[in-house]
Amino acid sequence: MSTPNWTCPPAHPFIPATQGDRRSPCPALNALANHGYLPRNGQNIGFWHLIRAVREVYNLSFILAAVLALAGVLLCGRAFRLDLDALALHNKIEHDASLVHADALGQQRAPIEVDPKLLKSFLSHADPQRGMSLYELAQVRISREAQLARPLDLIHSQIGAAEAALCWLLLKQDSGRIPSSTLLQWYGEERLPDNWARPRRVIGLLDARSKAAEVTNIMSNLKKSTCRSTPSSSNFDVSVLGLRTILKCDS
């Protein structure tokens, strides 16, 4: 559930990143920087500052906020401080098959800019009137991972599922769906969306783990369903055949 009367304070207007500002592949943190909850230049962010910002805006529990912040500074930071662009270091936390960012393609750092084609494809999975459900978020993850030449390792596959789960927990309305306009502004513009409200209930570590497991289960069932499907004609879509090969279906 969301807090209906929460609005972004006037002290934190949306100001897009300018030349020299650091940003990450993470829309949640980029939005915090673009609204001034984190340093707008995205540099030298302290461990405690990071925890405080995600708790204030996204209503995460202290434990969940601390776990996420600790992972960031230990894997990508230095001396318990973090520059946002360091989160683009490939296969640290960042991984291929991002929802709206292109793959690293052998580079040390993944692209930070939002890919317009991936954004359009992502938004196409949402119902124009009703928005996107958790099930549809899992479908997007399936679609993106199916495009990889090599599958994600277990850890980064789990990170991808956790990211989708946390997105849903942060942005969903009481209907359990995320409006398309909210997805566009958060993922595409990296801002706190208009008419969005922070979750009414604190999101804890167990909430995030449980919802990530649900995303993983949905993805697993979708893969099994694809593997069991049978071509209805000789004109069976080759993209489905390719998906089955990538997912290594049993015959």
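What counts, and where the lines are drawn
- Residues numbered from 1 in each chain as written.
- Predicted model: local features only at pLDDT ≥ 70, side-chain atom pairs only at ≥ 80, totals over all residues.
- Heavy atoms only, no water.
- Helix = DSSP H or I, 4+ residues; strand = E, 2+ residues; numbered from the N terminus.
- Expected span 1.5 Å × (residues − 1).
- Buried < 20%, exposed > 50% of the residue type's maximum accessible area, 1.4 Å probe, protein only.
- Polar contact = N/O pair within 3.5 Å; in protein donor to acceptor, adjacent residues only side chain to side chain.
- Axes fitted to C-alpha atoms, helices over the stretch in contact; angles between N-to-C directions.
- Parallel < 35°, antiparallel > 145°, perpendicular 65-115°, else oblique.
- Left-handed = near helix turned anticlockwise from the far one by under 90°.
- Contact = heavy atoms within 4.5 Å.
- Salt bridge = Lys/Arg side-chain N within 4 Å of Asp/Glu carboxyl O.

### Details of helix α6 (residues 154–171)
Helix length check: α6 (18 residues) gives 26 Å between terminal C-alpha atoms against 26 Å at 1.5 Å per residue, within 8%. Taken together, the buried positions of α6 are His-156, Ser-157, Gly-160, Ala-161, Ala-164, Ala-165, Leu-166, Cys-167, Trp-168, Leu-169, Leu-170 and Leu-171. Sitting at the amino-terminal end of α6 is Asp-153, which places a side-chain oxygen 3.1 Å from the backbone nitrogen of Ile-155.

### Side note on the packing of helix α5 (residues 134–146) against α6
Working note: a packed helix pair is described by the angle between its axes plus the distance between those axes. Relative orientation of the contacting elements α5 and α6 amounts to 150°, with a least axis distance of 10 Å. For the element pair α5 / α6, the angle class is roughly antiparallel. In the packing of α5 onto α6, the handedness of the crossing is right-handed. Facing Leu-134, Leu-137, Arg-141 and Glu-145 of α5, the residues of α6 in contact are Ser-157, Gly-160, Ala-161, Ala-164, Ala-165, Cys-167 and Trp-168.

### Here we look at the pattern of salt bridges
Enumeration over the complete set of coordinates arrives at 11 salt bridges. Ionic pairing is found between Asp-85 and Arg-109, a salt bridge with its closest N-O pair at 3.5 Å. Taken as a pair, Asp-85 in the loop between β2 (81–82) and α4 (116–124) and Arg-109 in the loop between β2 and α4 lie far apart in primary sequence, 24 residues in all. Note that Asp-103 is salt-bridged to Arg-144, the shortest N-O span being 3.2 Å. Here Asp-103, found in the loop between β2 and α4, pairs with Arg-144, found in helix α5; they are 41 residues apart in sequence, far enough to count as distant. As far as the burial class goes, Asp-103 and Arg-144 line up, both buried. Through salt bridges with shared partners, one network takes in Arg-22, Arg-78, Asp-83, Asp-85 and Arg-109.

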